[in-house]
Amino acid sequence: MRPIRTSAVAALALTVTAAVTLAGCGSSGTAGAGGSSSASYKSGATFTMAIAADPGALDPQASAVSALFQLSQFAYDNLVSVSSSGQTQSELAKTWKVSGTTVTFDLNAGVTCSDGSAFTAQTAADNINYVENPKNKSPFLGVFVPAGAKATASGSTVTVTLAAPAPFVLDSFANLPMVCDGGLKDRSTLKAKTDGTGPYVLSEAVPDNHYTYTLRKGYTWGPDGATSATSGLPATIVVKVVSNETTAANELLAGTLNATQVMGPDSTRLSAQHVSHVDTKALIGEQFYNEEKSHPTSDPAVRMALTQGADYAQLEKVLTSNKGAAPTELAVTPPTGCTTDSVTGNVPAFDASAAESALQAAGWVKGSDGVYAKGGKPLKLTFIYDSSLGTGGSAAAELAVSAWKQIGIDVTAKAENQTQVSGTMFGTGDWDILWEPINVNTPDQVVPFLSGPTVAKGGENFASIDNATYDATTAKAMAINGPEGCPTWMKAESALFKAADVVPFANNLIPTYAKGAQFEIIGEIVPTSIRMLG
């Protein structure tokens, strides 16, 4: 999810998408034929890409499902953008300034919405204040808009007053899609259509099948001044929902897709045929426990036993088909705010005997059936994992379940697609163990998911984590500007791992394959970077 960004759909994030993509995964790079000149670009063509799951309702500020985060990029703009090197660039705003707890954006002149109306500084301020209002339950509150911020407008200038310092505030606003006045007045209109300033407009929506976007004329305020008059920019974008990676790979080879993200065995087949691709770094193995009091995983001993009872180094190899690597931090989506290691030496090591000892010390007793119980209740858990993790995810989940059963924990695994996982995390709460990676750029963006108000109390803390050391340390990190605070952020994250609140266990480079087109990925495919090849 993006911020939730998850790993298996092109440009995932629960940004609260971060992505529920809660978050998108991504790095920067260009996919497609190298060395192409503008003479080889083809204008007026259709670019077709695949996503693994339907995004659901299309309101760009109401969900962190990764698929929606990618679709939103076509029709909506942000105040600023971020280059592949991590530099802040213009988009709706031509200039910006951060001074203490005050952030100002001066908007480009002549920005219009898809219905022809003007996009004003007041519209931008209304977007920020909408997300800020807890009653609206936007998953972007505290993720892409710092909690407690207030926005005002004067002329072409938007002024955001922060409640406290925000060390990566421009990175956050580079992820907040802006809705036009019509959509702000009636959010129900955004469920199946778009109302933004972006380079494309939704022209057809067939849920669970495809979404078609049409290029706007006169668009001149894209990232770093990109325009819709650029040679090779597709006239139409079709986003197909293709849940099966083999099917997507076959369509790419047949020429009915121009782009698809493939992370399973089919990636070997595509690479063997020299299909161009760009690799995006993502945290794809991330385990959470439901710490709400009614769940057995609220017991620290149970969480520790589950953490020590499985060999996560082996799970990483299975999940990534032996192509991945051990994780180093929670925010890995390039361009990242920190580049250091909070994981190594802080996640409890694999030790099945220690896992059982932890349970026994907490009063759990193994029954004749080999399953631990306490107070007459057997230790039976529900394990949800994201189906977009592919065949590697299924195999790794099976291996984890087997390991847990060997130490006396009865775990039942269930695969769900991203939309279903989002509903489970932020709705039913019917889970004990969860594999759903949250991919973000900076460590502050993941804080609302790991602390603060729980989902039951209107927050984004879906696992009901209550780690005092993490809370206190992130509060200190928030007061330190940018990368200077990275050591403090890493100390905060390590507290989560030591307490078995979160178990990151696998990074991977996820290839997005391209045929007949080239494009840049910065978190998601950048719409104005797409070039159709002649």
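Scope of this entry: the structure provided in the associated data block. (Residues numbered from 1 in each chain as written. Predicted model: local features only at pLDDT ≥ 70, side-chain atom pairs only at ≥ 80, totals over all residues. Heavy atoms only, no water.)

Overall, the coordinates contain 17 aromatic pairs when judged by the stated rule. With centroids separated by 5.3 Å and ring planes inclined at 55°, the aromatic side chains of Phe140 and Phe144 adopt a geometry described as tilted. Take Phe140 and Phe144: they sit in the same class, and that class is buried. With 5.1 Å between their ring centres and 50° between their planes, Trp435 and Phe505 make a pair best called tilted. In this pair, Trp435 is assigned in strand E19 (residues 433-435) and Phe505 in strand E20 (residues 502-514), connecting sequence segments 70 residues apart. Both residues of the pair, Trp435 and Phe505, count as buried. Three or more aromatic residues link up through ring pairs in this structure, and these residues are Tyr312, Phe383, Tyr385, Trp404, Trp435 and Phe505. Cation over ring: Arg187 sits above Tyr130, and NZ or CZ is 3.8 Å from the ring centre. (Phe/Tyr/Trp six-rings, centres within 6.5 Å; stacked < 30°, edge-to-face > 60°. Buried < 20%, exposed > 50% of the residue type's maximum accessible area, 1.4 Å probe, protein only. Helix = DSSP H or I, 4+ residues; strand = E, 2+ residues; numbered from the N terminus. Lys NZ or Arg CZ within 6 Å of the ring centre and 35° of its normal.)

The next point concerns the nonpolar core. Ranked by size, the top nonpolar core spans 68 residues in total, and within it Phe105, Ile128, Val160 and Leu450 carry the most contacts. The residues contacting Leu450, other than those within four sequence positions of it, are Phe288, Leu330, Asn461, Ile465, Tyr470, Leu496 and Val502. Formed by 35 residues, the second largest nonpolar core is a distinct cluster that contains Met263, Leu306, Trp364 and Val503. (Core = buried A, V, L, I, M, F, W, Y, C linked by side-chain atoms within 4.5 Å. Contact = heavy atoms within 4.5 Å.)

Moving on: the sheet that holds strand E15 (residues 372-374). Strand order in the open sheet formed by 3 strands is E14-E15-E16, with antiparallel pairing between adjacent strands. Each edge of the open sheet is held by one strand with a lone partner, namely strand E14 (365-366) and strand E16 (377-378). Where E15 meets E16, 2 bridges bridge the pair, whose relative direction is antiparallel. In the strand pairing of E16, Ala373 is matched with Pro378. (Pairing = 2+ DSSP bridges.)

Let us now look at helix H2 (residues 121-132). With 12 residues, H2 extends 17 Å from end C-alpha to end C-alpha; this agrees with the ideal 16 Å at 1.5 Å per step. With 9 of 12 residues buried, H2 is to be regarded as a mostly interior element. Turning to H2, its buried residues number three or more, namely Ala121, Thr123, Ala124, Ala125, Asn127, Ile128, Tyr130, Val131 and Glu132. (Expected span 1.5 Å × (residues − 1).)

What follows deals with the side chain of Arg187. Position of Arg187 relative to the elements: it lies in the loop between helix H4 (181-185) and strand E9 (200-206). Taking the relative accessible area as the measure of exposure, Arg187 reaches 15% and is therefore buried. A polar contact is formed between the side chain of Arg187 and the side chain of Asp59, at a distance of 2.8 Å. Beyond its immediate chain neighbours, meaning those up to four positions away, Arg187 contacts Asp59, Gln61, Tyr130 and Val179. (Polar contact = N/O pair within 3.5 Å; in protein donor to acceptor, adjacent residues only side chain to side chain.)

Structurally, a disulfide amounts to a covalent bond that connects the sulfur atoms of two cysteines. A complete count under the given rule lists 2 disulfides for this structure. Across the disulfide from Cys113 sits Cys180; the S-S distance is 2.1 Å. As the torsion about the S-S bond is roughly -100°, the Cys113-Cys180 disulfide counts as left-handed. Within this pair, whereas Cys113 is found in the loop between strand E6 (102-107) and H2, its partner Cys180 is found in the loop between helix H3 (169-173) and H4, the two being separated by 67 residues in sequence. We classify Cys180 as buried; its relative accessible area is 0%. (Disulfide = S-S within 2.5 Å.)

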